[in-house]
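Summary of structural features
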Amino acid sequence: MSDSTAVEHGAEAGGHAHSEHPHYLLHHFESVEQQADASGFAMWLFLLTEVMFFSGLFVVYMIYRNWYYPAFVAGSHQLSVLLGGVNSVILITSSLTMALAVWFAERRKKNALLACLVTTLLLGIVFLGIKGLEYKEKFEKHHFPGATFSLESFVNPASDPVAVAAGDKPLPVDTAQRTELFFALYFAMTGMHALHMIIGMGLLVFIIYRARQGAYTTGHTQFVEYFGYYWHFVDIIWIFLFPLLYLINRH
C-alpha cells in the first residue's frame, strides 16, 4: 500500500470515528455509557448528601416536638392547612409535568418538552408565591423568631381568630415561649426547602433556554433526567414537611 493510499485510509477512518463521536460526549470519557454511569453516580451521591442534611433537620424537629408538644401544637395551628394543602397539590403536579418533560425529551418532541418545562417552572413560581403569603402573615403577627416575637396568640388565644377557630386553650408563659422554637424550625425547614426550589427554578430557566436550541431532543437527555431526580427529591421533602408542620393534632 502506498503512502498516499495509507493516508487516505487513515483520513477516512478518522473521519468515520469523528462522525460517530457525539458532540455531548466529554473528552475524558471513552463512551456515552461510561459518561452516563459517572453522571448518574454523581447525581445519586449528591442526593444522598441532601437526604442526610434534611434528615438532620427532621431529627431535631422530632426531638423538640416530643419535648414541647403542647407548644408545637399551638404553633402548628397558626399555619394554614388550606394553603399548605394547595402547595402540596401544586408540587405533586409539578412532579408529573417534570416526568412528562423527561418522557418527551426521550421521544425527541421539542414543543411538548418545552411546554412541560415551562409548566413546571410556573408551578414552582406559584408555590413560592403562596409560601410568600404565609411568611407575610407570620411577620405581621410577629411570629418570626427574634426580639419582636409575640406570645399573645398563645397566652391569650381569645385575641386571635385563628387560635379561637382551632379551639386553643391559654398556655402558661413558659410553655408559650416554646412556640418560638417551633417557628424557628418552621422557617429553617421551609426556608431551606424554598432555597432548593429557587435553585431548581434557576436550573429550569437554563434547561428551557437550551431546550429551545434543541439540546435535549437529539438523543442526549441525561441533564433533563438528572434534574428531574432533583426536582422529585425537593417535592418529596415537602411531602414530609406538610404533615410534620401543618397537621399536628389536626382532626
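Presented here is a report on the structure given in the accompanying data block. Just so we're clear, the structure is a prediction, and the values are computed from it rather than from any experiment. (Residues numbered from 1 in each chain as written. Predicted model: local features only at pLDDT ≥ 70, side-chain atom pairs only at ≥ 80, totals over all residues. Heavy atoms only, no water.)

1. Structural notes on helix 4 (residues 81-106)
The α-helix advances 3.6 residues per turn, and as a result positions three or four apart in sequence lie on the same side. The end-to-end C-alpha separation of helix 4 is 38 Å, in line with the 38 Å expected for 26 residues at 1.5 Å each. Looking one or two places after helix 4, you find R108, whose phi comes out positive at around 60°. (Helix = DSSP H or I, 4+ residues; strand = E, 2+ residues; numbered from the N terminus. Expected span 1.5 Å × (residues − 1).)

2. With respect to the pattern of salt bridges
Going through the model one piece at a time under the given rule, you end up with 6 salt bridges. Measuring nitrogen to oxygen at the nearest pair gives 2.4 Å for the salt bridge that ties K136 to E140. Residue K136 and its partner E140 are both found in helix 5 (residues 110-140); the two are separated by 4 residues, about one turn of the helix. On the accessibility criterion, K136 (48% relative accessible area) is partly exposed. (Salt bridge = Lys/Arg side-chain N within 4 Å of Asp/Glu carboxyl O. Buried < 20%, exposed > 50% of the residue type's maximum accessible area, 1.4 Å probe, protein only.)

3. Some words on the packing of aromatic side chains
On inspection of all chains with the given rule, the structure shows 29 aromatic pairs. Ring geometry for Y64 against W67: centres 5.5 Å apart, planes inclined by 90°, an arrangement best described as edge-to-face. Separated by 3 residues within a single helix, Y64 and W67 lie in helix 2 (residues 32-67), roughly one turn from each other. The exposed category is assigned to W67, whose relative accessible area is 56%. A ring pair is formed by Y186 and F187, whose centres lie 5.1 Å apart and whose planes are at 75°; its orientation type is edge-to-face. The residues Y186 and F187 share a single accessibility class, namely buried. Through successive ring pairs, a cluster of aromatic residues spans Y61, F72, Y135, F139, F144, F149, F154, F182, F183, Y186 and F187. (Phe/Tyr/Trp six-rings, centres within 6.5 Å; stacked < 30°, edge-to-face > 60°.)

4. Comments concerning the packing of helix 4 against helix 5
Contact geometry of helix 4 with helix 5 gives a least axis separation of 8 Å together with a crossing angle of 160°. As far as their axial angle goes, helix 5 and helix 4 are roughly antiparallel. Helix 5 is crossed by helix 4, and the crossing has left-handed handedness. Of the residues contributing to the contact of helix 4 with helix 5, the split by class is 17 nonpolar, 6 polar and 2 charged. (Axes fitted to C-alpha atoms, helices over the stretch in contact; angles between N-to-C directions. Parallel < 35°, antiparallel > 145°, perpendicular 65-115°, else oblique. Left-handed = near helix turned anticlockwise from the far one by under 90°. Nonpolar A, V, L, I, M, F, W, Y, C, P; charged D, E, K, R; others polar.)

5. What about the environment of P70?
Structurally, P70 can be placed in helix 3 (residues 69-76). Residues P70 and T175 lie 105 residues apart in sequence; the distance between their C-alpha atoms is 7.5 Å. Discounting residues that sit within four places of it in the chain, P70 has contacts with L171 and T175. (Contact = heavy atoms within 4.5 Å.)

6. Examining a nonpolar patch on the surface
There is a patch of nonpolar side chains on the surface, built from L195, I199, L203, F206, Y209 and F223 and spanning about 550 Å² of accessible area. When residues of the nonpolar patch are assigned to their parent elements, the largest contribution, 5 residues, is made by helix 9 (residues 179-212). Checked against the element boundaries, I199 lands in helix 9. Here I199 falls in the partly exposed class, since its relative accessible area comes to 44%. (Patch = residues over 30% accessible without salt bridge, like charges linked within 9 Å, V, L, I, M, F, W, Y side chains within 5 Å. Areas by Shrake-Rupley, 256 points an atom, 1.4 Å probe, with all protein chains shown as cover.)

7. Some details on the packing of helix 4 against helix 10 (residues 222-246)
Closest axis-to-axis distance for the helix 4/helix 10 pair is 10 Å, and the angle between their directions is 165°. By the angle class used here, helix 4 and helix 10 are roughly antiparallel. Crossing of helix 4 over helix 10 shows left-handed handedness. Partitioning the contact of helix 4 with helix 10 into residue classes produces 14 nonpolar, 8 polar and 2 charged.

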